[in-house]
Amino acid sequence: MSPLALAPVLAVPRSVMDWPKLPPCPYLDFHAPDDVRIRGTRVDLSLIANEYNNGRVPEQTVLSYPTLTPEAVYGVIAYYLGNREAVDRYVELTMKRAR
C-alpha cells in the first residue's frame, strides 16, 4: 500500500470552498483563492472592480495607484467584464472578510 493511501483526508474549510474559481489572466497574480492581485503589485482585484463600478476611468485609477500601468488596469477591466459573475462574488467575499 502506498504512503498516500494511508494519509488522512484533510477537510477543506467551508470558507475556502466559497471563493469562486477564477480563470487565469496575464494581468493577475493568483496567490490564493482569496488573494488575487494585479501582477507585480499589492493591489487587489477587488479594488479595480470597485473603481470601475464607481465610474472611475482607468487613468484616474493609475494616478491614484502609481504601481499600476494603464495596460494592466484596462486588461483587468476587460477580464472583469468577461468574468463578471465570478469577480463580483470575489469582491463580495473580500468585503465580507474585511468586516
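Everything here concerns the structure above.
Numbering of residues starts from 1 in each chain and follows the order in which that chain's sequence is written. In keeping with the predicted nature of the model, local features appear solely for residues at pLDDT of at least 70, side-chain atom pairs appear and are counted solely at 80 or more, and the whole-chain, interface and lining totals rest on all residues. Side-chain numbers here rest on the full set of heavy atoms in the structure, without hydrogens or water.

1. Some points on the side chain of S46
The helix and strand labels rest on DSSP assignments: H or I over at least four residues marks a helix, E over at least two residues marks a strand, and numbering proceeds from the N terminus. Examined against the element boundaries, S46 turns out to sit in helix 3 (residues 45-53). Apart from the residues lying within four places of it in its own chain, the contact partners of S46 are Y90, V91 and T94. Residues are treated as being in contact if the distance between any of their heavy atoms lies within 4.5 Å.

2. Comments concerning the pairing of strand 1 (residues 28-32)
In short, DSSP must find at least two bridges between two strands for them to pair. Here strand 1 pairs with strand 2 (residues 35-38) via 4 bridges, running antiparallel. Residue pairing in the sheet places A32 in a bridge with D35 of strand 2. Linking strand 1 to strand 2, which pair antiparallel, is a turn of 2 residues.

3. Some words on the nonpolar core
Side-chain atoms within 4.5 Å link the members of a nonpolar core, which is a set of buried Ala, Val, Leu, Ile, Met, Phe, Trp, Tyr and Cys residues. Each residue gets one of three labels from its accessible area relative to the maximum for its type: buried under 20%, exposed over 50%, partly exposed in between, using a 1.4 Å probe on protein chains only. Residues L22, L28, I38, L45, I48 and V87 are the most contacted members of the largest nonpolar core, which totals 23 residues. Only strand 2, helix 3, helix 5 (70-82) and helix 6 (84-98) provide two or more residues apiece to this core. Considering each element in turn, this core owes the most residues, 6 residues, to helix 5. L28 has contacts with V36, R37, I38, R39, L45, V76 and Y79, leaving out every residue within four places of it along the chain.

4. Focus: helix 3
When helix 3 is considered as a whole, its buried residues turn out to be L45, S46, I48, A49 and E51. Each element contacted by the buried residues of helix 3 is listed here: strand 1, strand 2, helix 4 (58-64), helix 5 and helix 6. Just beyond helix 3, the residue with positive phi is G55, at close to 85 degrees.

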